[in-house]
Amino acid sequence: MAKLAASTAEAQYITAKRQLEDTKIKTPISGIITSRNVDLGAMVQASPSATLVANIVDISKLKVKLNISESDAYMLKPAIR
């Protein structure tokens, strides 16, 4: 009887641990969140009708077009990493 209770408790623990992991939203890329489309605590759907949670932008390489006058152009310098 005790073995059955122990195995049942272990199965419930594993299920609860998986459910806790499913509450975390993960992304395969790093970047900056530009917009968040859901509120904290909101329920989201997985595929096939997935919920758009946020937009993430990778700014490690960024192109910028600027319209500046020639008199101000000398002040621009590239950042050195």
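In what follows, the structure referred to is the one given above.
Thresholds applied
Residues numbered from 1 in each chain as written. Predicted model: local features only at pLDDT ≥ 70, side-chain atom pairs only at ≥ 80, totals over all residues. Heavy atoms only, no water. Helix = DSSP H or I, 4+ residues; strand = E, 2+ residues; numbered from the N terminus. Rg over C-alpha atoms; globule rule 2.2 N^0.38 Å. Buried < 20%, exposed > 50% of the residue type's maximum accessible area, 1.4 Å probe, protein only. Lys, Arg positive; Asp, Glu negative; His and termini not counted. Charge placed at Lys NZ, Arg CZ, Asp CG, Glu CD. Contact = heavy atoms within 4.5 Å. Salt bridge = Lys/Arg side-chain N within 4 Å of Asp/Glu carboxyl O.

Another aspect to go through is the overall build of the chain. When its secondary structure is counted, the chain shows two helices and two strands. Here the chain has a C-alpha radius of gyration of 24 Å; the compact-globule value for 81 residues is 12 Å, and the former is much larger. Residue burial in the chain is summarised as follows: out of 81 residues, 1% are buried. Each charge class in the chain was averaged separately, 11 positive and 7 negative side chains, and the resulting centres sit 6 Å apart.

Right, let's get into the environment of Thr-34. Here Thr-34 shows up in strand E1 (residues 32-36). Taking the C-alpha atoms as reference points, Thr-34 and Val-44, separated by ten residues in sequence, lie 19 Å from one another. The residues touching Thr-34, leaving out its near neighbours within four places in the chain, are Asn-55 and Val-57.

Applying the stated criterion across every chain, the model contains two salt bridges. For Glu-21, the salt bridge is made with Lys-24, and the minimal N-O distance between the two is 3.3 Å. We classify Glu-21 as partly exposed; its relative accessible area is 36%. A salt bridge links Glu-21 to Lys-26; the shortest N-O distance between them is 3.4 Å. Linked through salt bridges whose partners overlap, the residues forming this network are Glu-21, Lys-24 and Lys-26.

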